[in-house]
Amino acid sequence: MIQYVVHRTTRLSRYAVVLWALAIAGLCTMPWWASRAQIGTTTTFLGILALAQMWNLLAGFGGLVSIGQQAFVGLGAYVAVIVALQGGLNVYAAVPLAGIASAVAAWGIAFLVFRLRGAYFGIGTWVVAELLRIVFANTSSLGGGSGVSITSAFAGIGRWQRDAFSLWIAATLGLGAVALVFALLRSPRGLAFGAVRDSEPAAESLGVSARRVKLTLYLISSAGCGMVGALLAISNLRVSPDSAFSVDWTAIMFFSVVIGGIGTIEGPLLGSIIYLTLRQSLAQFGGWYLIILGVCAVLVMRTAPRGLWGVLADRWDIRLFPYDRRVSAEETK
Amino acid sequence: MSLLEVENLSAYYGDFQALFDVSLRADAGKVTAIIGANGAGKTTFMRAIAGFQSPPRDAIRFDGEQIGGMKASRVVGKGIALVPEGRKLFPSLTVEENLLIGSYCGRRGDWNLQRVYGLFPALEQKRAAPATSLSGGQQQMVAIGRALMSNPRILMCDEISLGLAPIVIKDIYTAFPSILAEGVSILIVEQDIGQALAVAEDVYCFQGGRISLSAKASQLTRDEISAAYFGV
Amino acid sequence: MLGWLDTILQGLMLGGLYALFATGLSLTFGVMRLVNIAHGDFSILAAYIALVVVQWLGWSPFLALLLVVPLMAVVGYVVQTTLLNQTLGPDILPPLLVTFGLSIVLQNGLMEGFSADSRGLSIGALQTASIPLGGGVAVGVFPIITFATAVIVLGAMSWLFHSTTLGRALRATSDDQTTAQLMGIDNRHLYGIAMAISMAVVAIAGVFLAIRTTFDPSVGPARLLYAFEAVIIGGLGSLWGTLAGGMVLGVAQTVGFSLSPAWGIAAGHLAFLLVLILRPNGLFPKTRDA
């Protein structure tokens, strides 16, 4: 008699859990054993990881290609500025506040941009980001076009604490993003995301509201980007509209996701590592590193559309974050 | 040697095999009909000849030349014109523009707008109308005319009676003798068996991606057809 | 009152320039559902090529067009057939990402080659010449030339699409690229032609932009946004609608600028968003260029 068994994990992924636990422990204790530069790089990496996962959630799983997530990065950064300048709240409260503010803004923006489809949706989100940039650049109370420094809000906090807090927030955001996406995709909701991405009419006919799914993903992704924006402000202590709302944020997100592997959880992780490594090692060449990055993205899209992780996972059938369900048939007596 | 010779043609959609070693001959100057139930592989077969599959070179021979695997935009230049299932007129183009685009491949011959309007007079009045605003029957005429404008040696018609009233179908089929007289051979896929037998000399029946029957129309009995059609 | 008239007139003329930017974008989307994120950057590439021609050969920018436009057409054809054709398909991501990558490469490549300094092209006296219309209102000669060029280009495109075999083939391919193959139309080649035309027009736009104002490697993306806004405001699928969209955008920007220079561009964005809310299909939508 044949019995069908549904597998939701792979053996490798079960072993990997131990490794992840060790890595996270190592990460969080860094303030006590790592150098300032190393902590800084790790913080940056975790921030990029969060951004990449959020963009991947939207594009890879939701089929929505946004070129305007920088709107929320900037918004989050300015929430931090407002909190810092007001002086009433602890400046670190800006992170969750930025998430909420971004989600609210996303809800309103969706009303506009969801009227556009495909690539035009992407450019529409970019237009909104540009509009926000101009708005903040013209708001002199927040520093106007040249930006503002928020060092004053950290008066009582020492440098070690600042670095440590930034790192832990980044870890929460980066690892939290991975965990959130993983949990979402393993849930029944997760099946809905894939269904909508693959075929809206088919998904709708099964009772899945495509609009609701897309909106949900857009809100989550925007909230995540907003929180990273706040982290940015807190780490750099300086915010200017041109850098906060720069389309370079989208470039970073999409490079990491595309080169790493879109539509998987491991992909953006791998991609973030590759992006940061490339940036560190090519930084001395100035603009060339961006050219190389651009060429890489084009090459990867042409030769390995599922990214580096796609190639690896296919060759060796590795799944570190399994969220699909595999059926095997087993003979039972 | 037949005008069109297909030998051991197999076709796939990804991993799914739709045709299994199909062999068929369509002779010049004749109407050859393909009948069979839905999903039997008839349209896949037509599209394979038209150039939308990648069979080995020698699987399809046209007028002695091996054309298997040749891409669709080149096949029409060889003299094989397909009237696709569902007509597939270009909505942005008028009736006349649809006909004109048929001659894009540049094959020389006697077919031109005048000839097509002569064959289907109803179209001349509607020449400036958007093609998709015509009735089903008239759209079918445009689709056939469009294919004829490429001056083909063989005209392949995929389910031209689909969705049309019997009287309209008859109207369209009355054009066949004129087309044959101009030296164009015809290969049709037809759901209506009676119509197929009435107009064709040779009949092939497809069933489950294979040829289940091939004979002269005049020699077929109803029972033989049923058996081949349904695979009973 | 007259100030307003002047401003609006400027905006309408600016619309001609925006229509030139928008036409190519609309064309490639119509024919092959491709949105070229590097669209604006290609126009700046054309501006730099014109700069080189002007500096080395001493020609006027208008004469330089004779070299720049065909060159950009060839660039478009090559980029489409070697890089972009293979990305076309049901998934919108590959072409978006490849053109985004191209955009980054172009911007930074131009930066490496020409530095970030602002450049401009000069046409001598014509640059500031204006025609008085009476009552203190005047309109610039160059803006009129730009607008007239836009109208001529759009007219030529319309003629191409409706009266030529190539145009018919382009329309057929955009309707149904599979059936178009049955007509003997080679998609890949035709897509290359569409992109070549798109690049040729955007080259004109880039050179005119360089005459009108200063430019540097980073101004490409903003042109893409304006082109896109003009297309959406005008309505998808309509050639002359794109001119109308450009004019609406142009007027919004110039009016915005005259009210407050810092909010000029934002006014354009707001006008776009307003149209998106009130008339999501644009002002003159057509699903087909029939």
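Okay, so let's go over this structure. (Residues numbered from 1 in each chain as written. Chains lettered and ligands numbered in written order. Predicted model: local features only at pLDDT ≥ 70, side-chain atom pairs only at ≥ 80, totals over all residues.)

Across its full length, chain B holds 10 helices and 10 strands. Its C-alpha atoms give chain B principal-axis dimensions of about 50 × 35 × 35 Å. The buried share among the 232 residues of chain B stands at 46%. A separation of at least 24 residues holds for 66% of the contacts in chain B among residues at least 6 apart in sequence. (Helix = DSSP H or I, 4+ residues; strand = E, 2+ residues; numbered from the N terminus. Buried ≥ 20, exposed ≤ 12 C-beta atoms within 10 Å, placed from the backbone. Contact = placed C-beta atoms within 7 Å.)

We now examine the overall build of chain C. When helices and strands are counted, chain C shows 11 helices and two strands. Going from the N terminus to the C terminus, chain C shows its helices and strands as α-α-α-α-β-β-α-α-α-α-α-α-α. Dimensions of chain C, computed from the C-alpha atoms along their principal axes, are close to 60 × 45 × 35 Å. Out of the 290 residues in chain C, the part that is buried amounts to 56%. Of all intrachain contacts in chain C linking residues separated by at least 6 positions in sequence, the fraction that spans at least 24 positions is 75%.

Before going further, it helps to spend a moment on the interface of chain B and chain C. Contacts between the two partners involve 20 residues from chain B, matched on the other side by 17 residues from chain C. For the side of chain B that touches chain C, the secondary structure elements donating two or more residues are helix 2 (72-78) and helix 3 (95-102) of chain B. Per-class residue counts for the side of chain B that touches chain C are 13 nonpolar, five polar and two charged. (Nonpolar A, V, L, I, M, F, W, Y, C, P; charged D, E, K, R; others polar.)

What follows covers the interface of chain A and chain C. Quoted interface sizes are often the accessible area lost when the parts come together. Taken together, the contact between chain A and chain C spans 32 residues of the former and 33 residues of the latter. Elements with a minimum of two residues in the side of chain A that touches chain C: helix 6 (118-137), helix 12 (248-260) and helix 14 (288-303) of chain A. Among the elements that line the side of chain A that touches chain C, the one with the most residues is helix 6 of chain A, at 11 residues. Its residues assigned to classes, the side of chain A that touches chain C shows 24 nonpolar, five polar and three charged.

Axis separation between helix 3 of chain B and helix 6 (residues 165-175) of chain C bottoms out at 10 Å; the angle between their running directions is 100°. The angle between the axes of helix 3 of chain B and helix 6 of chain C places the two elements in the roughly perpendicular class. Residue-level inspection shows Glu97, Leu100 and Ile101 of chain B of helix 3 of chain B in contact with helix 6 of chain C, the latter providing Arg168, Ala169 and Ala172 of chain C. In terms of residue class, the contact of helix 3 of chain B with helix 6 of chain C is built from four nonpolar, no polar and two charged. (Axes fitted to C-alpha atoms, helices over the stretch in contact; angles between N-to-C directions. Parallel < 35°, antiparallel > 145°, perpendicular 65-115°, else oblique.)

All names here are of chain B. Read across the sheet, six strands follow the order 6-7-8-3-9-10 without closing on themselves; strand pairing throughout is mixed. Two strands in the sheet have a free side with no partner beyond their single neighbour: strand 6 (80-83) and strand 10 (210-216). When the angles between neighbouring strand axes are averaged without regard to direction, this sheet yields 15°. Looking at chain direction, strand 6 and strand 7 (residues 154-158) are connected through four bridges and run parallel. When the bridges of strand 7 are listed, leucine 82 appears paired with methionine 156. Along the sheet, helix 1 (residues 42-50) makes contact with strand 3 (31-36), strand 6, strand 7, strand 8 (185-189) and strand 9 (202-207), crossing strand 7 at roughly 150°. (Pairing = 2+ DSSP bridges.)

Time to look at the environment of leucine 57 of chain C. Inspection of the secondary structure puts leucine 57 of chain C in helix 2 (residues 39-57). As for leucine 57 of chain C and serine 163 of chain C, which are separated by 106 residues in sequence, their C-alpha atoms are 37 Å apart.

The next thing to look at is the pairing of strand 9 of chain B. Each regular strand shows side chains that alternate between the opposite faces of the sheet. All names here are of chain B. With five of its six residues buried, strand 9 lies for the most part within the structure. Here strand 3 runs beside strand 9; their pairing, made up of five bridges, is parallel. The residue bridging threonine 32 from the neighbouring strand is aspartate 202, located in strand 9. Bridge analysis of strand 9 against strand 10 gives six bridges, and the strand direction is antiparallel. If you follow valine 203 over to strand 10, its bridge partner there is alanine 215. Between the end of strand 9 and the start of strand 10, which pair antiparallel, lie two residues, with glycine 208 showing a positive phi angle near 60°.

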